Amino acid sequence: MDLIRMKNVKKTYKNGTTALYDLTLNIQKGEFVFVIGRTGCGKSTLVKTLYREEKPDSGSINVGGIEVTKLRNGKIYKLRRKIGVVFQDFKLLPKLTVYENVAFALEIFGMPKEEIHEKVVKVLDLVGLKGKARNYPTELSGGEQQRVAIARAIVNGPKLLICDEPTGNLDEGMSMEIMKVLEEINKMGTTIIMVTHDVDIVDKLKKRVILLDTGRILKDYPEGTYTREVA
Amino acid sequence: MKSLRIIGRNIRDSFKGVFRNFSLSLASISCITITLIVVAIAMTLSYNVDNFAQNVEQDVTIVAFLNVDITKEQTDDVLEKIQNIDGIESYVYKSKMDVGKEWMESSEVFKNIMSGWNEETSPLQPTFQIKVKNIDDIGDIAKKIEKIDLVDSVKYGEGMVEQLVSVFDLVRKICIGIVIALIVVTAFLITNTIKITIFSRRKEIDIMRLVGASNINIKIPFVFEGLILGFLGSIIPIIITIFGYSSLYKNFDGKVFSSFIELIKPTPFIYITSLTLVLIGMVVGMFGSWAAVRKHLKI
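Enquirer: Teacher, can you tell me more about the packing of helix H1 (residues 2-20) of chain B against helix H9 (residues 215-252) of chain B here?
Expert: The axes of two packed helices give the description: the angle between them and the distance between them. Residues and elements named next belong to chain B. The N-to-C vectors of H1 and H9 enclose an angle of 50 degrees; their axes lie 8 Å apart at closest approach. Put simply, H1 runs oblique to H9. In the crossing of H1 with H9, the sense of the turn from one axis to the other is right-handed. Contact residues: Ile 6, Arg 9, Asn 10, Ile 11, Asp 13, Ser 14, Phe 15, Gly 17 and Val 18 in H1; Asn 217, Ile 220, Pro 221, Phe 224, Glu 225, Ile 228, Leu 229 and Leu 232 in H9.

Enquirer: Could you clarify how one ought to interpret H1(B) in this entry?
Expert: Every α-helical turn comprises 3.6 residues, leaving residues that sit three or four positions apart pointing alike. Given a rise of 1.5 Å per residue, 19 residues ought to cover 27 Å, and the 26 Å separating the end C-alpha atoms of H1(B) matches this to within 8%. Along H1(B), the residues classified as buried are Ile6(B), Arg9(B), Asn10(B), Asp13(B), Ser14(B), Gly17(B) and Val18(B). Its buried side turned inward, H1(B) meets helix H3 (98-107) of chain A together with helix H2 (22-59) and H9 of chain B.

Enquirer: What am I meant to see in empty space enclosed by the protein here?
Expert: Vacant regions in the atomic arrangement are exposed by a probe of water-molecule size rolled over the atoms. This model, assessed by the stated rule, comprises 4 cavities of 30 Å³ or more. Taken as a whole, the largest cavity holds about 110 Å³ of empty space. The wall of the largest cavity is formed by 13 residues, among which Ile83(A), Gly84(A), Arg152(A), Ala153(A) and Val211(B) lie closest to the centre. With 3 residues, the single largest contributor to the lining of the largest cavity is strand E6 (residues 83-87) of chain A. Volume-wise, the second largest cavity comes out at about 80 Å³. Taken together, Asn21(B), Leu24(B), Ser25(B), Ser28(B), Ile194(B), Thr197(B), Ile198(B), Arg201(B), Phe222(B), Glu225(B), Leu229(B) and Ser289(B) form the lining of the second largest cavity. At the level of elements, H2, helix H7 (160-199) and H9 of chain B are the ones that each hand at least two residues to the lining of the second largest cavity. Of the residues contributing to the lining of the second largest cavity, the split by class is 5 nonpolar, 5 polar and 2 charged.

Enquirer: Help me out: how do you make sense of the pattern of salt bridges in this one?
Expert: Side-chain pairing between opposite charges can occur once the charged atoms of the two side chains come close. Residue and element names in this part refer to chain A. Applying the stated rule across the entire model yields 15 salt bridges over all chains. With a shortest N-O distance of 3.0 Å, Arg 208 and Glu 31 are connected by a salt bridge. Here the residue Arg 208 occupies a position in strand E9 (residues 208-213), and Glu 31 occupies one in the loop between strand E2 (18-28) and strand E3 (32-37), the gap between them amounting to 177 residues. The exposure class assigned to Arg 208 is buried, which follows from its relative accessible area of 11%. Residue Asp 203 is joined to Lys 206 by a salt bridge in which the shortest nitrogen-to-oxygen separation is 3.6 Å. For Lys 206, a relative accessible area of 32% corresponds to the partly exposed category. Each of the salt bridges in this network shares a partner with another, and the network as a whole consists of Glu 31, Arg 208 and Asp 220.

Enquirer: Is there a simple way to think about the confidence of the model for chain B in this case?
Expert: A low pLDDT score tells you not to read the predicted coordinates there in detail. Residues and elements named next belong to chain B. On average, chain B scores 83 in pLDDT, and the residues at 70 or more come to 98%. Looking at the elements of chain B, mean pLDDT is at its lowest for strand E5 (residues 255-256), recorded as 74, and at its highest for H9, recorded as 89. Across the predicted assembly, pTM comes out at 0.69 and ipTM at 0.81.

Calculation notes
Residues numbered from 1 in each chain as written. Chains lettered and ligands numbered in written order. Predicted model: local features only at pLDDT ≥ 70, side-chain atom pairs only at ≥ 80, totals over all residues. Heavy atoms only, no water. Axes fitted to C-alpha atoms, helices over the stretch in contact; angles between N-to-C directions. Helix = DSSP H or I, 4+ residues; strand = E, 2+ residues; numbered from the N terminus. Parallel < 35°, antiparallel > 145°, perpendicular 65-115°, else oblique. Left-handed = near helix turned anticlockwise from the far one by under 90°. Contact = heavy atoms within 4.5 Å. Expected span 1.5 Å × (residues − 1). Buried < 20%, exposed > 50% of the residue type's maximum accessible area, 1.4 Å probe, protein only. 1 Å grid on protein atoms, 1.4 Å probe; cavity = no way out; pocket = protein on both sides within 12 Å on 5 of 7 lines; lining within 4 Å. Points joined across faces, edges and corners; volume = space filled by probe spheres on them. Nonpolar A, V, L, I, M, F, W, Y, C, P; charged D, E, K, R; others polar. Salt bridge = Lys/Arg side-chain N within 4 Å of Asp/Glu carboxyl O. pLDDT = per-residue confidence, 0-100.

Quick look at the structure:
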């Protein structure tokens, strides 16, 4: 079953740059998809339209049954609660501890404290940061900070996890750690879309790969068919 | 239960917000404090000017001089006619001897001259001293009294009273204008300061949005934080108002320059002013935060 259906999506920015041309794309539940391409090819715009950070000019987007393009500004939170997002720069709140950063995403729903505690401990265990709950983000390495961000993104049990260059700021070792965590999450049933520049990772993992070029899908490699040579 | 938890979280976050961003909070609080002090001073001044104007206006009296040889019955007749005129607040009758006594008390010379006079021989005129309800009607009322038989003449400081009234009217309007302008400036200043502090926290707002906080969910802690800032900012101005004005009043013994200008009594004035200050602080703080956050919630 399709989790994401994008049909004829077009997006032009105010400065005249067209980021997406007539883009049509379906992604099934449970898939792990890489989105690659040169800088400025529209990778980030593509994922931003999925969590409604950007609004396409035309076309339709359906994410897990929500018509994203018809969503009013005041209702965006309903979509965001079904999606987790991870960024290159982690976007953690420096004045909150690791535990508080993750719990933050649950507190806004008014969840009881005990339930929050249970879920946060569980997810910190999953990303391998059980012992760092009381630390502040600045006391952690880049890889650890990104794992906190991933924990925050999945603590609410989203159907879809969007990763926008999650390894962009990390060295190779740390990047592979992050990928292990993401694969683990994917195995548990969460659909993952990951935008990346890092062809090494894409090459190693052998997942479905979408190659974008100037706002169009140049090639859609099914799982296991992408190698650096064919690209 | 769920909404209670959310409200509880919002209040907790508001307090956290104030203390975790203490230097920024301090900037907002100082701004509120300083502007509210200016508002408090302006309010004190304008209330006192208004009070002074009212006192002066209340003191303005029409003096109706009666014929020298008026009889008791005729006096009663005049009084009845005066009572029938609309707009009269009060009146005092002063007989020849009363008037004489006042003169004699004012100077030794008069005392020597007048001490021999009696009800028959005194050349002084008995008077009615009349106060009016509304100072604007004083001219009309004076004319009506003058037309009554056996009223010899009427005096109320013609010309000067009208001038005084119009000057006070102007001063009062200027004072109200200044206070309103100051409140508007305060609102603007506080709103801008809070906008700057919130601008520096837009990352927090972005992340809240990202993890699925609804717009109201995001706004409430900030609005409540604005309310706290407004409240904290009004503390010093209130202390200054309460203790400052009380000691000022005590120091001057309630009067400035001469017994002519009386200050307003500290109670309940200082409490009303304090309440106004804290309300201005909180409302403006809330509004400032609300306006500032709103800007960051649009896509």
